[in-house]
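A structural walkthrough
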Amino acid sequence: MPCLYITTNVNLDGVDTDPIFGETTTAVASIIGKPQHFVMVILKGSVPIFFNGNKEAAAYAEIVSMGGINTEIKRKLIATLGTILENKLSIPKTRFFLKVFDTTAGRTISKI
């Protein structure tokens with residue numbers, strides 16, 4: 001189950017977040033190759049963020065997935081999610097940081 005947790009300093013009061021949830025869910029599912037009903041998206045606004053010497057609109061996100069993550073997938077996630085946040089919340093792509101974690105990375109397969 002991929003989980004995308006987005007934190008931003010943008011105030012979300014009065015913002016229709018349904019399109020953000022919809023687009024990010026679709027993007028994560030299609031890029032990682034998991035069904036949409038397995039994708040969880042959490043969006044938290046009005047969090048103080050100081051980045052690049054100022055408090056302008058910015059976002060930090062983490063995505064955790066059990067498999068399906070490699071370098072190409074990371075790049076696609078960063079580009080696609082950055083575009084969604086830029087279009088929906090006016091957060092420049094240069095002020096978006098994504099941490100990607102694959103829970104299966106580095107596991108050795110036992111032959112027992």
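So, here is what we can say about the structure in this document. (Residues numbered from 1 in each chain as written. Predicted model: local features only at pLDDT ≥ 70, side-chain atom pairs only at ≥ 80, totals over all residues. Heavy atoms only, no water.)

Remarks on the overall build of the protein
Scanning the protein from terminus to terminus reveals two helices and four strands. Put simply, the protein runs from its N terminus to its C terminus through helices and strands in the order β-α-β-β-α-β. Viewed in the frame of its principal axes, the protein has a C-alpha envelope of about 55 × 30 × 20 Å. Within the protein, contacts between residues at least 6 apart in sequence are counted, and of these 81% link residues at least 24 apart. With an accessible surface of roughly 6900 Å², the protein has 56% of that area assigned to carbon and sulfur atoms. Measuring between centres, the 12 positive side-chain charges of the protein sit 11 Å from its 9 negative side-chain charges. (Helix = DSSP H or I, 4+ residues; strand = E, 2+ residues; numbered from the N terminus. Contact = heavy atoms within 4.5 Å. Areas by Shrake-Rupley, 256 points an atom, 1.4 Å probe, with all protein chains shown as cover. Lys, Arg positive; Asp, Glu negative; His and termini not counted. Charge placed at Lys NZ, Arg CZ, Asp CG, Glu CD.)

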